[in-house]
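Fold and contact review
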Amino acid sequence: MSFARRKRISAALSYAVLLLAAFLSLFPVFWTITTSIKQRADTFVLPPKFIWFDPTLKNYSAIFHTRGFGQIYLNTILVTLGSTALCVMLSTLAAYALSRTPRFVSRAPLEISLVLVRAIPAIVLMVPLFHITSQLGVYDSRVALIVMYATINMPFATWLMSSFVGQVPVALEQSAAIDGAGQVATFWYVVLPLLLPGIAASTIFVALFTWNEFLIPVMLAGNSAKTLPVFISGFISARNLDWGPMAAASSLAIIPITIVTVVAQRALISGMSSGALKG
Amino acid sequence: MRTDPRFWDSLRTTLTLIAIGLLIQLPVGVALAIILEKNLRGTRLFRTVLVVPMLLTPVAVGLIWRFMFDADLGVINWALSLVGMDGPNWLGARWPAIAAISIVDSWQSVPFIMLTVLAALANQSKGPLEAAAIDGATQLQTLFYVTLPSISNVLLVIITIRIIDGMKMFDLIFIVTSKGGPGTATQTLGMLVYNTGFGFFQTSRAAALGIVMVVLIAPVYVLWRKADRVSR
């Protein structure tokens, strides 16, 4: 077999694998969205109707007319924005402090705790958090969710940000200092602009994690701070018969994510690569 | 608690899910990364598409997979029937349910492994690869004797993270098998803590289980340090 021919065959095989993987990746998304616009009867037929069905928006209007749904969607958006802002701000500062102060006494224990906190299953913290939030009187409030989400995502965000801080040359800061800039000015005018790609990546990640978070709100939020994932999970107790509204609710959760992914794919990929490699 | 069979059962379920997950996800993730690394035309598009599953809300995708796994009306058993296979009642018995969870978990986790390996491959030095090519090594030989050893520390990091994630697994089980069903057949440690503390309201017992979980996961830190030291 000639070299060129072998190369062609290997490329063809690669494309076959990629196409199969892409199909498997996207089919559940396709199935969610199509199920959400099907008539109820069309969700129960075999063979399944993939494309030729009579579309309807009935399921979406059922979801929008569920009592409290507006509140739930608003909660999810506000909590995501609030905790992402809090978390990214604190972790950017923390990452900068960690990588620019080498003789910081508590540095090693701090780094260890960043790893450990990430490793502890959040479910372990639920019993104490439940007691704390109810005793502080913030159980079932958005503020409590914002603070808890920000805390839970801090280790990851700090870790990700410190890999970006590591890429900023120290010489730049030194020359700023020689020109008479104070520490705050150096950080604000020299370091921060260079960290913007990293901040973008962390923002997207933390926002995604927060948007998707289920464990904390299912335990620590009742009706007034309920978020979208908790609302969606309510469908499993509904005896599994109404797939249309369930798919509509799921679509409302995943469509924003899909849009963000496509728009911000560069920041996402760079964040994932550098964050993971930092190990 | 040491004598409580529910604890040992859930520990076994958790470890089984982690092991099956790694056995499926590592080879698939590495293979996809190697294919993407060839930089064929359209690689960027494929990379974006293949990343999508890891970003989606686990609760939402868990529900839709549950719908697809439905024994009578699910699209998966329908597809199996097209090729003449009789699909199992996925969520009705222990092993099919574990298989179903592993499939959904792999679907969500393979992209993470793929991207991490891809980043590691992009960083590896080209010298050894060229040397292997000059020495006449086949593609498979190069893969096993040059490429994989050079990214072994990254693979170790991935394994560490996946073990941690496996211990944490909660959302998918909550949704796909309704909190560990059928019965308690797929109840993982995390689910056991939840069911004990928030289902039966035995909070101190749940807290004790939580401590045991932390102790169980502590050795992972050693693995992490090892990977970290190699990578520096």
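Use the structure listed above.
Here's a quick rundown of the structure. Note that this is a predicted model, so its numbers are computed, not measured.

Reading the values: rules and limits
Residues numbered from 1 in each chain as written. Chains lettered and ligands numbered in written order. Predicted model: local features only at pLDDT ≥ 70, side-chain atom pairs only at ≥ 80, totals over all residues. Heavy atoms only, no water. Helix = DSSP H or I, 4+ residues; strand = E, 2+ residues; numbered from the N terminus. Buried < 20%, exposed > 50% of the residue type's maximum accessible area, 1.4 Å probe, protein only. Contact = heavy atoms within 4.5 Å. Areas by Shrake-Rupley, 256 points an atom, 1.4 Å probe, with all protein chains shown as cover. Expected span 1.5 Å × (residues − 1). Bend = angle between axes of the 7 residues up to and from the residue. Phe/Tyr/Trp six-rings, centres within 6.5 Å; stacked < 30°, edge-to-face > 60°. Lys NZ or Arg CZ within 6 Å of the ring centre and 35° of its normal. Buried area = accessible area lost by both parts, 1.4 Å probe. Polar contact = N/O pair within 3.5 Å; in protein donor to acceptor, adjacent residues only side chain to side chain. Nonpolar A, V, L, I, M, F, W, Y, C, P; charged D, E, K, R; others polar. Salt bridge = Lys/Arg side-chain N within 4 Å of Asp/Glu carboxyl O. Patch = residues over 30% accessible without salt bridge, like charges linked within 9 Å, V, L, I, M, F, W, Y side chains within 5 Å.

Summing up its helical and strand segments, chain A has twelve helices and zero strands in all. In chain A, which comprises 279 residues, the proportion classed as buried is 46%. A sequence separation of at least 24 residues applies to 75% of the contacts in chain A between residues at least 6 apart. Of the accessible surface of chain A, which amounts to about 13,900 Å², a share of 71% is contributed by carbon and sulfur atoms.

So, on to the overall build of chain B. For chain B, the helix and strand inventory stands at twelve helices and zero strands. Listing each helix as α and each strand as β along chain B from the N terminus yields α-α-α-α-α-α-α-α-α-α-α-α. For chain B, the C-alpha atoms occupy an extent of roughly 65 × 50 × 25 Å along the three principal directions. In chain B, of all internal contacts separated by at least 6 residues, the share reaching a separation of at least 24 is 71%.

Next up on the list: helix H8 (residues 183-212) of chain A. Because an α-helix completes one turn every 3.6 residues, residues spaced three or four positions apart along the sequence face the same direction. Taking 1.5 Å of rise per residue, 30 residues should cover 44 Å, yet H8 of chain A covers just 37 Å from first to last C-alpha, more than 12% shy of that figure. Along H8 of chain A, the sharpest change in direction is near 55° and occurs at Leu-192 of chain A; proline Pro-193 of chain A comes one to four residues later.

For the rest of this paragraph, the subject is the environment of Lys-226 of chain B. Residues and elements named next belong to chain B. Within the element layout of this structure, Lys-226 appears in helix H12 (residues 220-231). Under the relative-accessibility criterion, Lys-226 is labelled exposed at 51%. Separated by 73 residues in the primary sequence, Lys-226 and Asn-153 have C-alpha atoms spaced 8.5 Å apart.

Evaluation of the coordinates by the stated rule reveals 24 aromatic pairs over all chains. Where Phe-64 of chain A meets Phe-69 of chain A, the ring centres are 5.7 Å apart and the plane angle is 70°; that geometry is what we call edge-to-face. Above the face of the Trp-95 of chain B ring, Arg-94 of chain B is positioned so that its terminal group lies 5.2 Å from the ring centre.

What follows concerns the interface of chain B and chain A. Opposite the 64 residues of chain B that make contact, chain A presents 69 residues. The junction of chain B with chain A conceals about 6,200 Å² of combined surface from both sides, 78% of it contributed by carbon and sulfur atoms. Along the contact surface separating chain B from chain A lie six residue pairs in polar contact (both at pLDDT 80 or more). In the side of chain B that touches chain A, the residues fall into 46 nonpolar, eight polar and ten charged.

On to the environment of Val-88 of chain A, then. Residues and elements named next belong to chain A. With respect to the element layout, Val-88 can be found in helix H3 (residues 69-100). Residue Val-88 is classed as buried on the basis of its relative accessible area, which comes to 7%. As for Val-88 and Leu-24, which are separated by 64 residues in sequence, their C-alpha atoms are 33 Å apart. Those residues within four positions of Val-88 in sequence are excluded, and the remaining contacts are Ile-199, Ser-202, Thr-203 and Val-206.

Residue and element names in this part refer to chain B. In the structure shown here, the tally under the stated rule is three salt bridges over all chains. Arg-162 is paired through a salt bridge with Asp-105; the nearest N and O atoms lie 3.2 Å apart. Of the two residues, Arg-162 is situated in helix H8 (residues 152-168) and Asp-105 in helix H5 (residues 94-123); the sequence distance between them amounts to 57 residues. Residue classification places Arg-162 among the buried residues on the basis of a relative accessible area of 8%. Three or more residues joined by partner-sharing salt bridges are found here, namely Asp-105, Arg-162 and Asp-165.

Here we come to the side chain of Lys-38 of chain A. Tracing the backbone through its elements, the reader meets Lys-38 of chain A in the loop between helix H1 (3-36) and helix H2 (58-64). Beyond its immediate stretch of four places on either side in the chain, Lys-38 of chain A contacts Trp-31, Thr-43, Lys-49, Phe-53, Thr-56 and Asn-59 of chain A.

Looking now at a nonpolar patch on the surface. Taken together, Ile-33, Ile-255, Ile-259 and Val-263 of chain A make up a surface patch of nonpolar side chains, about 350 Å² in accessible area. The exposure class of Ile-255 of chain A is partly exposed, given its relative accessible area of 33%.

These results come straight from atomic positions and should not be treated as a statement about function.
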